[in-house]
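# An overview of the molecular structure
For reference, the chains in residue letters:
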Amino acid sequence: MSTDADRNAEGSGRDRGRRRGSWTVPVTAALIGGLFLVIYLAHHDAGMAVSGLIIMLAYAAILVLGSRRSEAVALLRGETGDERRRSIELRASALTLHVLTLVLVGGYIVTLIRGRESMTWAGLCAVLGGTYLLSTIVLTRRG
Amino acid sequence: MRALRQDKGLSQQDLGQALGVSRQTVNAIEQNRYDPSLPLAIRIARYFGTTVEGMFHVDGC
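How each quantity is defined
- Think of each chain on its own: its residues are numbered from 1, step by step along the sequence as written.
- Ligands are numbered from 1 and chains lettered from A, in the order in which they are written.
- Two thresholds apply to this predicted model, a pLDDT of at least 70 for residue-level local features and 80 or more for giving and counting side-chain atom pairs, whereas whole-chain, interface and lining totals are computed over all residues.
- As a convention, hydrogens and water are excluded, and side-chain values are obtained from all of the structure's heavy atoms.
- The numbering of helices and of strands both runs from the N terminus, where a helix is a DSSP run of H or I of at least 4 residues and a strand a run of E of at least 2.
- Radius of gyration means the value over C-alpha atoms here, while the globule rule gives 2.2 Å times the residue count to the 0.38 power.
- Three exposure classes are used, based on accessible area relative to the maximum for each residue type with a 1.4 Å probe and protein chains only: buried under 20%, partly exposed in between, and exposed over 50%.
- The contact rule is simple, with two residues in contact once any of their heavy atoms fall within 4.5 Å.
- Computed with the Shrake-Rupley method and a 1.4 Å probe, the accessible areas treat only the protein chains shown as cover for residues.
- Charge convention: Lys and Arg are scored as positive, Asp and Glu as negative, and His as well as the terminal groups of each chain are ignored.
- Throughout, a charge is located at the NZ atom of Lys, the CZ atom of Arg, the CG atom of Asp or the CD atom of Glu.
- One speaks of a salt bridge when a side-chain nitrogen belonging to Lys or Arg is within 4 Å of a carboxyl oxygen belonging to Asp or Glu.
- In the analysis that follows, any N or O atom pair within 3.5 Å is treated as a polar contact, provided that within protein one partner can donate a hydrogen and the other can accept it, and provided that, for residues neighboring in sequence, both atoms belong to side chains.
- Among buried residues, those of type Ala, Val, Leu, Ile, Met, Phe, Trp, Tyr and Cys that are joined through side-chain atoms within 4.5 Å constitute a nonpolar core.
- Expected helix span is taken as 1.5 Å per residue step, with the number of steps being one fewer than the number of residues.
- For helices, the fitted line uses only the C-alpha atoms of the stretch in contact; every axis is such a line through C-alpha atoms, and the angle between N-to-C directions lies from 0 to 180 degrees.
- For this classification, under 35 degrees means roughly parallel, over 145 means roughly antiparallel, 65 to 115 means roughly perpendicular, and everything else is oblique.
- When residue character is reported, Ala, Val, Leu, Ile, Met, Phe, Trp, Tyr, Cys and Pro are called nonpolar, Asp, Glu, Lys and Arg charged, and the others, Gly included, polar.
- The predictor attaches a confidence to each residue, called pLDDT, with possible values from 0 through 100.

### A closer look at the overall build of chain B
A count of helical and extended segments in chain B gives five helices and zero strands. Tracing chain B from N to C terminus, the helices and strands come up as α-α-α-α-α. Over its C-alpha atoms chain B spans a radius of gyration of 11 Å, differing by no more than 12% from the 10 Å that the globule rule assigns to 61 residues. With respect to the three principal axes, the spread of C-alpha positions in chain B is 30 × 20 × 20 Å. The proportion of buried residues among the 61 residues of chain B is 41%. At a minimum sequence separation of 6, the contacts of chain B that also span at least 24 residues come to 42%. When the accessible area of chain B is evaluated, it comes to approximately 3,700 Å², of which 46% is carbon and sulfur surface. Each charge class in chain B can be summarised by its mean position, and for the 7 positive and 6 negative side chains these summaries are 7 Å apart.

What follows is the structure, encoded as structure tokens:
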């Protein structure tokens, strides 16, 4: 059985780890920049290749250098160290979902009205709706 | 909470470290911009040697 002190120490350690060890997002951003470079170079577009790499490297650098100064940047870096930050992240994700839903459903409807190929929009809407449906069912059962 | 923290001579950073939350979260609680969860409220109350209802007041209750 753990004591309150144990639990507090464990929580603090875990949170410190989350604050310190958030390299996933900056490294992923840099890797995506590398991917842009390779893909655009393969299509003989050196301008886009270099700009894509520079933009993603700059984003990664801002995340690493700015996370100590700005809480928003720290959150973008993935430093969700405590319950308030996790709450902010959840609300931002929910808002993003709502905007994406509007854009995808709106795009699908506009494409349908114009009589153009709409399977891409339909597929994206299906993924969105299916994911929301499944996650709601699973999370409801988990309590 | 600010008064209790200042009585102890702690900075927001110190209190945040003791509670396992960020300095900004301590500030948000002190500014009434964020209501802590029940576990965090209990942790804060225990840290200051008081009760949750002694530390936090909810309007309308």
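### Some details on the interface of chain A and chain B
In this assembly, 11 residues from chain A lie in contact with 15 residues from chain B. Across the contact surface, chain A and chain B share zero salt bridges. Linking chain A to chain B there are five residue pairs in polar contact (both at pLDDT 80 or more). For the side of chain A that touches chain B, the secondary structure elements donating two or more residues are α1 (4-20) and α5 (83-114) of chain A.

### Remarks on helix α3 (residues 23-30) of chain B
In terms of burial, α3 of chain B is largely enclosed, as seven of its eight residues are buried. When α3 of chain B is considered as a whole, its buried residues turn out to be Q24, T25, V26, N27, A28, I29 and E30 of chain B. Residues of α3 of chain B that are buried make contact with α4 (71-76) and α5 of chain A together with α1 (2-7), α2 (12-19) and α4 (38-47) of chain B. Directly beyond the C-terminal end of α3 of chain B, a positive phi value near 60° is found at N32 of chain B.

### Concerning the nonpolar core
Residues and elements named next belong to chain B. In this structure, M1, L15, I29, I44, F48 and M55 are the most contacted members of the largest nonpolar core, which totals 14 residues. For this core, the elements supplying multiple residues, two or more each, are α2, α3 and α4. Setting aside its immediate chain neighbours within four residues, M55 contacts M1, L4, I44, A45, F48 and T50.

### Topic: α5 of chain A
Residue and element names in this part refer to chain A. Under the 1.5 Å per step criterion, the end-to-end length of α5 is 46 Å for 32 residues, consistent within 8% with the ideal 46 Å. Within α5, burial applies to E83, R84, R85, L104, G107 and T111. Here α5 starts with a cap whose side-chain oxygen sits 3.1 Å from the backbone nitrogen of R84, and that cap is D82. Just beyond α5, the residue with positive phi is G115, at close to 75°.

### Let's talk about the packing of helix α2 (residues 24-42) of chain A against helix α3 (residues 46-66) of chain A
For any two helices packed against each other, one specifies the inter-axial angle together with the distance between the axes. Residues and elements named next belong to chain A. Where α2 contacts α3, the two axes come as close as 7 Å, and the packing angle between them is 175°. One finds that α2 runs roughly antiparallel with respect to α3. Facing V25, P26, A29, A30, I32, G33, G34, F36, L37, Y40 and L41 of α2, the residues of α3 in contact are A46, M48, A49, V50, G52, L53, M56, L57, Y59, A60, L63 and V64. The class makeup of the residues in the contact of α2 with α3 is 20 nonpolar, three polar and no charged.

### Examining the confidence of the model for chain A
Confidence along chain A averages 88 in pLDDT terms, with 85% of residues attaining 70 or more. Across residues 1-18 of chain A, where pLDDT falls below 50, the model places 14 contacts with residues more than four positions away in sequence or in other chains.

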